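Commentary on secondary and tertiary structure
Listed here are the chains, written in short residue letters.
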Amino acid sequence: KYINVFVINLLYIFILFGLKAFYDAIIQNYTWEHTKLSTYPFKSELSFLKLTIIYVTNILAIILSIGLLYPWKKIRTLKYK
């Protein structure tokens, strides 16, 4: 019984991180695609699947390190973006 609740909560967390990654990728891609510097356009090709994997592994690393890897998470996410 407790395993079912744990699995359902884990799936819920993955879905939430997936939706957040999808939203972040769509917004960033749209914003940079519609930004120009004089005649030079910008291009952004964020993949929400890669962003989801980064978000999930970051949160697992933070939990397992009791919060010590939070700066690593910020830098890792910014490097990809």
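Every value quoted in this text rests on a predicted model; they were computed, and no experiment measured them.

Digging into helix α1 (residues 2–33)
- Helix length check: α1, at 32 residues, gives a terminal C-alpha distance of 46 Å against a target of 46 Å (1.5 Å per residue), a fit within 8%.
- Of all the positions in α1, only F17, G18, A21, D24, A25, Q28 and N29 are classed as buried.
- Taken together, the buried residues of α1 touch α2 (48–64).

Examining the packing of aromatic side chains
- All chains considered together, the criterion is met by two aromatic pairs.
- An angle of 85° between the planes, with centres 5.3 Å apart, marks the rings of F22 and F48 as edge-to-face. Of this pair, F22 sits in helix α1 while F48 is found in helix α2, placing the two residues 26 residues apart along the sequence.
- Relative accessible area serves as the criterion here: at 36%, F48 is assigned to the partly exposed category.
- A centroid spacing of 5.1 Å and a plane angle of 65° characterise the contact between W32 and F42, whose relative ring orientation is edge-to-face. Here W32 is found in helix α1, whereas its partner F42 is found in the loop between β2 (40–41) and α2, with 10 residues between them in sequence.

Considering the packing of α1 against α2
- At a closest axis distance of 8 Å, the pairing of α1 and α2 adopts a crossing angle of 130°. Taken together, the axes of α1 and α2 are oblique relative to one another. In this structure, α1 crosses over α2, and the sense of that crossing is right-handed. Contacts between α1 and α2 involve F14, F17, G18, K20, A21, F22, D24 and A25 on the former and, on the latter, F48, L51, T52, Y55, V56 and I59.

Basis of the calculations
Residues numbered from 1 in each chain as written. Predicted model: local features only at pLDDT ≥ 70, side-chain atom pairs only at ≥ 80, totals over all residues. Heavy atoms only, no water. Helix = DSSP H or I, 4+ residues; strand = E, 2+ residues; numbered from the N terminus. Expected span 1.5 Å × (residues − 1). Buried < 20%, exposed > 50% of the residue type's maximum accessible area, 1.4 Å probe, protein only. Contact = heavy atoms within 4.5 Å. Phe/Tyr/Trp six-rings, centres within 6.5 Å; stacked < 30°, edge-to-face > 60°. Axes fitted to C-alpha atoms, helices over the stretch in contact; angles between N-to-C directions. Parallel < 35°, antiparallel > 145°, perpendicular 65-115°, else oblique. Left-handed = near helix turned anticlockwise from the far one by under 90°.

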